[in-house]
Amino acid sequence: MSRHPTVKWAQRSDEVFITIELPDAQDVKLRLEPEGKFLFSATSGADKIPYEVDFDLHDKVDVDGSKASVGNRNITYLVKKAESKWWNRLLKQEGKPPVFLKVDWDRWVDEDEEDQDTKPGADMDFGDFDFSKMNMGGGEGFGAAEGEDDEDSDTEDENVEELSASKKDAASSVVAPEVKSV
């Protein structure tokens, strides 16, 4: 009997991302039909354990516009929808989805946010602000620039020596209070 790998999905109005998490998959077979039938089978591990997925997707798809990528850790399928519209679920069947089917929150974009640029900070306008003048550190090398002497390397030792000398001077200049015996 075949097992089911974890399957994650996310969508845009014109495409669906399906990611099958199966490390070291071998003998991968993928089939996508225009009516929305999605079939996957592969083996994994030293024991060549068989895995399979058989879905009826919510609506029709464009097989020619869809792409698959088989990697070491997962299989990703970019399924092009036949009609550019949002699906209210991935599968045609209603009810509770299979336990191995999960939402891919890393790729998920809400319907009302699809047109927005999804890069972090895309809505911020920094104009002509020059960040290189902020002197926030973290530049190349994290130390002195090439050709410059690192003047701070000796200062800690010198400061400690100066501090020790000043403490000795201060200690010798302190007058001890007179103690009178009664």
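This text follows the structure it describes.
Given the structure is predicted, the values throughout are model-derived calculations rather than measurements.

K.L.:
Help me get a handle on the overall build of the protein chain, residues and values and all.
P.N.:
For the protein chain, the count of helices and strands is 1 helix and 8 strands. Reading the helices (α) and strands (β) of the protein chain from amino to carboxyl end gives β-β-β-β-β-β-β-β-α. Put simply, the protein chain has 182 residues, and 24% of those count as buried. Considering only contacts in the protein chain between residues 6 or more positions apart, those separated by 24 or more positions represent 58%. Of the roughly 13,900 Å² of accessible surface on the protein chain, a fraction of 47% belongs to carbon and sulfur atoms.

K.L.:
Kindly report on the sheet that holds strand β3 (residues 25–32), identifying the contributing residues and their values.
P.N.:
Strands sit in the order β3-β4-β5 across an open sheet of 3 strands; the sheet is antiparallel. Bordering the open sheet on either side are β3 and β5 (49–56), each of which pairs with just one other strand. Taking each pair of neighbouring strands and ignoring which way they run, the sheet shows an average axis angle of 5°. Relative to β5, strand β4 (residues 37–44) is paired through 8 bridges, and the arrangement is antiparallel. Residue pairing across strands places Ala 42 opposite Tyr 51, the latter belonging to β5.

K.L.:
Summarise unusual backbone geometry; cite the residues concerned and give the values.
P.N.:
With phi around 55°, Asp 24 is a residue other than glycine that occupies positive phi space. Relative to the elements of secondary structure, Asp 24 occurs in the loop between β2 (15–21) and β3. Positive phi, normally seen in glycine, also occurs at Lys 48, with a value near 50°.

K.L.:
Give me the lowdown on the environment of Ala 68, citing residues and values where you can.
P.N.:
Turning to its location among the elements, Ala 68 is positioned in strand β6 (residues 61–70). A sequence separation of 37 residues divides Ala 68 from Arg 31, and the C-alpha atoms of the two residues are 10.0 Å apart. Contacts of Ala 68, omitting those with residues within four sequence positions, involve Leu 30, Thr 76 and Tyr 77.

Quick notes on the rules
Residue numbers run consecutively from 1 along every chain, following the written order of its sequence. A pLDDT threshold of at least 70 governs which residues receive local features in this predicted model, and a stricter bar of 80 or more applies before side-chain atom pairs are shown or counted, although totals over entire chains, interfaces and linings include all residues. In computing side-chain properties, one takes all heavy atoms of the structure into account and sets aside hydrogens as well as water. Put simply, DSSP H or I for four residues or longer makes a helix, DSSP E for two residues or longer makes a strand, and each gets a number counted from the N terminus. Exposed residues in this analysis have more than 50% of their type's maximum accessible area, buried residues have under 20%, and partly exposed residues fall in between, with area computed by a 1.4 Å probe over protein chains only. Contacts are assigned to residue pairs that have any heavy atoms within 4.5 Å of one another. For the accessible areas, the method is Shrake-Rupley and the probe is 1.4 Å, while residue cover comes only from the protein chains on display. Should DSSP find at least two bridges between two strands, the strands are taken to pair. Between N-to-C directions, angles cover 0 to 180 degrees, with each direction set by a line fitted to C-alpha atoms, over the stretch in contact for helices.

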